[in-house]
Amino acid sequence: MTLQQPAPMTRPVGRGDRVRMFQEIGMLAPALVLLTIFLVVPFLLSFWTAMTNQPLVPRPTPVRFVGFTNFLRIFKDDLFWISLWNVSRFTFWILPAQCGLAFATALLLHQKLPFRNFFRGLFFLPAITSIVVVCVVWGTLFQYPTGPLNQILGFASGGYIQPIDWLGDPEWAMFSIVLLSAWQAYGFQMIVYLAGLQGIPDELYDAAKIDGANVLQRFWHVTMPGLRPTHIFVLVITTIQAFKLYTQVAILTQGGPKSSTETVVHYMVRAGFEEQKLGYASAVSVILFLIVLVIALAQRQLLRRYDV
């Protein structure tokens, strides 16, 4: 004979619980309102515009509802798939370059070095510099054949390395954009990693030392697990920013040479402003949003599953 456990008594919801619930809703309300205004509403408007033949400049002819015609035209356009491949390639290259450089710099500047605060500000400076200014400066460095970068490579190799057409050669153009972008933006990830490193308690390192762990073991078993949320945040944010690549391409290559640096955002802007197809450009923006959302969620789940 088994005895049944009495059902747990539930406490009735009192006035204090209701007050607390309304307080929580009140604290969340400003963020929810801003997210709705600046994220949800624009997405819904973009989706509705994508279902029409809305031009950029109003015309005498009325706007028509065209359904999924714009989406079908996008999927049939070879240039869209080229731009999607290019931005995927850029993301694949920029993640290890930018995040790895930021992580290594953060580890170095987390040590008790002289003038480390000065170097933190110095390395963060490119991240707060206008990307237009950065592109102009790097455009000068990339000049072919007598640009400073080619001069340095030729001098360092004793003339063995011939001048490279960094922005005019399809084999080098995207690599040049990656190099510029990694240098310009890694300071932000560096600050995030520094914040994550400072959040790891010193007691964990002291306990690992007492247990006889060496520097590499402390790094692998204390630092890396302590930075798990930071890794997830940095990878997701960097991926989102990479898929939004536009300014560097618009200033330096305009999508060339031979569409080797054409990106989805540049393709969208060209369709919306140069060709004045606002409905078509809105359809591209909806597709890009969904692609980035799926990739970001997949990254987050994979990193959690493999305990990274």
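Numbering of residues begins from 1 in every chain and follows the order in which that chain's sequence is written. Totals for whole chains, interfaces and linings use all residues, but because this is a predicted model, local features are given only for residues with pLDDT of at least 70 and pairs of side-chain atoms are given and counted only at 80 or more. Side-chain metrics in this entry use all non-hydrogen atoms of the structure; hydrogen atoms and water are not considered.

K.L.:
Account for a nonpolar patch on the surface, naming residues and giving values.
P.N.:
The patches reported here contain residues having more than 30% relative accessible area and no salt bridge. Joining distances are 9 Å for like charges and 5 Å for nonpolar side chains (Val, Leu, Ile, Met, Phe, Trp, Tyr). For accessible areas, the Shrake-Rupley method is used with a probe of radius 1.4 Å. Any residue's cover is judged against the shown protein chains and nothing else. The salt bridge criterion pairs a side-chain nitrogen of Lys or Arg with a carboxyl oxygen of Asp or Glu, the two atoms within 4 Å. Residues Leu28, Leu32, Leu35, Leu39, Val40, Leu44, Phe289, Leu290, Leu293 and Leu297 make up a contiguous nonpolar surface patch of about 900 Å² in total accessible area. Of all the elements in the fold, those that place two or more residues in the nonpolar patch are helix 1 (15–50) and helix 13 (278–305). Runs of E in the DSSP output that reach at least two residues are strands. Runs of H or I that reach at least four are helices, and both are numbered from the N terminus. At six residues, helix 1 tops the list of elements feeding residues into the nonpolar patch. Position of phenylalanine 289 among the secondary structure elements: in helix 13.

K.L.:
Give me unusual backbone geometry: which residues, what numbers.
P.N.:
With omega at 0 degrees, the peptide bond leading from tyrosine 144 into proline 145 counts as cis. Examined against the element boundaries, proline 145 turns out to sit in the loop between helix 5 (131–141) and helix 6 (148–156). A cis amide bond links glycine 256 with the next residue in sequence, proline 257, at an omega value of -10 degrees. Here proline 257 shows up in the loop between helix 11 (247–252) and helix 12 (264–274). Here lysine 258, not a glycine, exhibits a phi torsion of approximately 55 degrees, which is positive. Mapped onto the fold, lysine 258 is located in the loop between helix 11 and helix 12. Judged by relative accessible area, which is 77%, lysine 258 ranks as exposed. Accessible area is worked out with a 1.4 Å probe on protein chains only. A residue is then buried under 20% of its type maximum, exposed over 50%, and partly exposed in between.

K.L.:
Quick one: what's the story with the UniProt feature "transmembrane region" (unreviewed entry) in the protein, residue by residue and with numbers?
P.N.:
UniProt positions are given in the numbering used here, feature names are shortened, and annotations may be inferred rather than shown by experiment. Residues annotated in UniProt with the feature "transmembrane region" (unreviewed entry) correspond here to residues 25–48, 90–109, 121–141, 172–195 and 278–298. From the first C-alpha to the last, residues 25–48 spans 30 Å; its make-up is 100% helix and 0% strand. Here residues 121–141 runs as 90% helix and 0% strand, with 23 Å between its end C-alpha atoms.

K.L.:
Go over helix 10 (residues 228–243) with me, naming the residues and quoting the values.
P.N.:
Relative to the 22 Å expected for 16 residues at 1.5 Å per residue, helix 10 spans 23 Å between its end C-alpha atoms, a close match to the ideal helical length. Three or more residues of helix 10 are buried, namely Thr230, His231, Ile232, Val234, Val236, Thr238, Thr239, Ala242 and Phe243. Expected helix span is given by 1.5 Å per residue-to-residue step, counting one fewer step than there are residues.

K.L.:
Quick rundown of the UniProt feature "domain: ABC transmembrane type-1" (unreviewed entry) in the protein? Include the residues and the values.
P.N.:
Under the local residue numbering, the UniProt record ascribes the feature "domain: ABC transmembrane type-1" (unreviewed entry) to residues 84–299. The span residues 84–299 shows a helical share of 75% and a strand share of 0%, and its end C-alpha atoms are spaced 18 Å apart.

K.L.:
An account of the side chain of threonine 239 is needed here, citing residue identities and associated values.
P.N.:
With respect to the helices, strands and loops of the structure, threonine 239 is situated in helix 10. Side-chain polar atoms of threonine 239 contact the backbone oxygen of leucine 235, separated by 2.7 Å. Contact criterion: two residues are considered in contact whenever any of their non-hydrogen atoms come within 4.5 Å of each other. Discounting chain neighbours no more than four positions away, the residues touching threonine 239 are Thr91, Leu95, Ile295 and Gln299. Identification of polar contacts relies on pairs of N or O atoms within 3.5 Å, with a donor-acceptor requirement for protein atoms, meaning one able to donate a hydrogen and the other able to accept it, and with residues adjacent in sequence counted only if both atoms are side-chain atoms.

K.L.:
So, the environment of valine 284: which residues are in play, and what are the values?
P.N.:
Inspection of the secondary structure puts valine 284 in helix 13. Look at valine 284 and you get buried, because its relative accessible area is 0%. For the pair valine 284 and phenylalanine 71, spaced 213 residues apart in sequence, the C-alpha separation works out to 7.6 Å. Each residue touching valine 284, except ones within four places of it in the same chain, is listed here: Ile74, Val264, Tyr267 and Met268.

K.L.:
So, the pattern of salt bridges: which residues are in play, and what are the values?
P.N.:
Between side chains of opposite charge, a pair can form when the charged atoms approach closely. All told, the structure shown has two salt bridges when counted by the stated rule. A salt bridge links arginine 270 to glutamate 262; its shortest N-O distance comes to 3.2 Å. You can call arginine 270 partly exposed: its relative accessible area is 23%. Two residues, lysine 277 and glutamate 275, come together in a salt bridge whose shortest N-O distance is 3.5 Å. Taking relative accessible area as the criterion, glutamate 275 reaches 42% and is therefore assigned partly exposed.

K.L.:
I'd like a description of the packing of helix 3 (residues 78–109) against helix 10, backed by residues and values.
P.N.:
With their axes 9 Å apart at the nearest point, helix 3 and helix 10 run at an angle of 140 degrees to one another. What the angle tells us is that helix 3 and helix 10 run oblique. In the packing of helix 3 onto helix 10, the handedness of the crossing is right-handed. Listed contacts from helix 10 to Leu84, Val87, Ser88, Phe90, Thr91, Ile94, Leu95, Gln98, Cys99 and Phe103 of helix 3 are His231, Val234, Leu235, Thr238, Thr239, Ala242 and Phe243. Looking at the contact of helix 3 with helix 10 residue by residue, the class counts come to 11 nonpolar, six polar and no charged. Axis lines are fitted through C-alpha atoms, for helices just across the contact stretch, and the angle between N-to-C directions can take any value from 0 to 180 degrees. Note on terminology: angles under 35 degrees are roughly parallel, angles over 145 are roughly antiparallel, angles of 65 to 115 are roughly perpendicular, and the others are oblique. A crossing counts as left-handed when the near helix is turned anticlockwise from the far one by less than a right angle, and as right-handed when that turn is clockwise. Amino acids are sorted into nonpolar (Ala, Val, Leu, Ile, Met, Phe, Trp, Tyr, Cys and Pro), charged (Asp, Glu, Lys and Arg) and polar (every other residue, Gly among them).

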